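# Notes for the structure review
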Amino acid sequence: MPECETPLWPCAMTGAAACLAGFEGISVIIHGSSGCYYYPKTLLNANLHGTFILENEVVFGSADRLREVIRDLSGKGGQIAVVTTCVPAVLGEDIKSVLDGTDVILVDSPGFAGELETGYRAALAAIAPNVSPQRKGVNIDGVSLSDPFYEGNIQEVSRLLRRAGIPVGTVFCRDWAEMAGHAAPFTIGTNDDFVSGVGKYLGGTLGFLALKATFERLAEVYENADVDPVLTEIELQEEQVIRACDRYLSRYDPPGVAIFAGSAYASFAADILTRYLDAEILIVGTRNDPPQKMAAKYPVEKMTGLEQISKKIEEISPDLVIGSAFERSVNGNRAFVGIIPPLRGRIRLTNPPLVGTGGTLHFVENVLNSCMDIKT
């Protein structure tokens, strides 16, 4: 019988919790065991609630326990949302009937329903966000509490929008709950793995090329916007990256790189490293299903097990590994840069971005320093 290898990417339940808990004014109940509660609680660092169902409730049903938790939260203001887990789903409990007559949001998102992104989309659909045509500004989407860069990404995109004289609309998903129903007509993204689908999408902000194209589109949509300061910043910061990478390449050979991440961040890393550092991308191991356009550019394979990744690293022997603390644990003495959760073993007091000009500078800086540390 084959071994069951622990997956490295969070499940649909965690994705749903990440979406809902990102909205102030929504109290999220994880309906399941203690393990199903503590995993997202630890990863997301959010104020979650749990039913903590036990053996007798597995046998006799968990409806009473769920009602008890909902009753305790009722009257405290705000919306209540319930995210189901594998146990009640396997038992076939009709949670929807338990919630009849209430305004509780139900997201049926057990772990076996899919991966992080699947649950995130299911939770957004349950919230049912709306566009207000008169709302000023542009929405920011692609934000997930599971992303170690989400706070820095919000700050960086908000800063760039202010430089262009464009107000921020709704942030999906890190905003007041009522703002989901009053989104602006246009949206720009930070991570295409978590596209909200709200408003007309004008583009992403990962990397200089995408950022430039997106702000040029914003100039067409917002007549009073002045995107020239942002375009000038992009040009100047790109020159910094080119100079730094050229200095590195004057001393060292281009690195062979193995990248393990969600599709959007993996594509960003591969594009930046090939464009500015002449890197050879030996493998892009995606946690989720990769888009076809990525497979046309790089050797891509979906990889979600640590043993599989460990064998691949040993097989291709890269100079640089990009991924999470899991990859770092099997990395040996190779250069390493973390861009996806979990990022353990490092003190992080600031909120660096991965998007915008600041995000690219932060990423390239980490790559060059890590590679040079190994060589000296």
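Notes on the structure in this doc start here. (Residues numbered from 1 in each chain as written. Predicted model: local features only at pLDDT ≥ 70, side-chain atom pairs only at ≥ 80, totals over all residues. Heavy atoms only, no water.)

So, on to the pattern of salt bridges. The final tally for this structure, using the stated rule, is 14 salt bridges. As a salt-bridge pair, R287 and E327 come within 2.8 Å of each other at their nearest N and O atoms. With R287 in the loop between β12 (280–286) and α12 (292–295) and E327 in helix α14 (residues 325–329), this pair connects stretches of sequence that are 40 residues apart. You can call R287 buried: its relative accessible area is 0%. Among the salt bridges present, the one from R334 reaches E314, with a minimum N-O distance of 3.7 Å. One end of the pair, R334, is in the loop between α14 and β15 (335–338); the other, E314, is in helix α13 (residues 306–316), with 20 residues separating them in the sequence. Classification of R334 by relative accessible area gives buried; the value is 18%. Taken together, the salt bridges that share partners define one network made up of E156, R159, R163 and E233. (Salt bridge = Lys/Arg side-chain N within 4 Å of Asp/Glu carboxyl O. Helix = DSSP H or I, 4+ residues; strand = E, 2+ residues; numbered from the N terminus. Buried < 20%, exposed > 50% of the residue type's maximum accessible area, 1.4 Å probe, protein only.)

Turning next to the sheet that holds strand β5 (residues 105–107). Strand order in the open sheet made by the 4 strands is β3-β2-β4-β5, with parallel pairing throughout. A single partner strand is all that each edge strand has here, and the edge strands are β3 (48–50) and β5. Averaged over all pairs of adjacent strands, the angle between their axes in this sheet comes to 25°, without regard to strand direction. With 6 bridges connecting them, strand β2 (residues 26–31) and strand β4 (residues 79–84) associate as parallel partners. Directly across from V28, in β4, lies its bridge partner A81. Sitting on the sheet, helix α7 (residues 116–127) is in contact with β2 and β5, with an inclination near 155° to β5. (Pairing = 2+ DSSP bridges. Axes fitted to C-alpha atoms, helices over the stretch in contact; angles between N-to-C directions. Contact = heavy atoms within 4.5 Å.)

Another aspect to go through is the state of the cysteines. If you walk through the whole model with that rule in mind, you get 0 disulfides. Free of any disulfide, C19 has its nearest neighbouring cysteine sulfur in C173, separated by 3.5 Å. Given a relative accessible area of 0%, C19 falls into the buried group. Here C86 stays unpaired: no disulfide links it, and the sulfur of C36, its closest cysteine neighbor, is 6.1 Å away. What makes C86 partly exposed here is its relative accessible area of 28%. (Disulfide = S-S within 2.5 Å.)

What the rule picks out here adds up to 9 aromatic pairs. With a centroid separation of 6.1 Å and an interplanar angle of 70°, the aromatic rings of F186 and Y222 are classed as edge-to-face. Note that F186 is positioned in strand β9 (residues 186–189) and Y222 in the loop between α9 (208–221) and α10 (228–249), a separation of 36 residues in sequence. The cationic tip of R348 hangs over the ring face of F149; the distance from NZ or CZ to the ring centre is 5.4 Å. (Phe/Tyr/Trp six-rings, centres within 6.5 Å; stacked < 30°, edge-to-face > 60°. Lys NZ or Arg CZ within 6 Å of the ring centre and 35° of its normal.)

Moving on, we come to unusual backbone geometry. The peptide bond linking F172 to C173 adopts the cis configuration, its omega dihedral lying at 5°. Relative to the elements of secondary structure, C173 occurs in the loop between β7 (168–171) and β8 (175–176). For the bond from P341 to P342, the omega torsion is -5°, close enough to zero to count as cis. Its location among the elements puts P342 in the loop between β15 and α15 (356–375). One non-glycine residue with positive phi stands out, namely A128, at about 55°. Considering the arrangement of structural elements, one finds A128 in the loop between α7 and β6 (138–141). In this structure A128 comes out as partly exposed when scored by relative accessible area, which is 43%. Positive phi outside glycine occurs at S317, with the angle close to 45°. As for its placement among the helices and strands, S317 is situated in the loop between α13 and β14 (320–323). Classification of S317 by relative accessible area gives partly exposed; the value is 44%.

The quantities given are spatial measurements derived from coordinates; they are silent on function.
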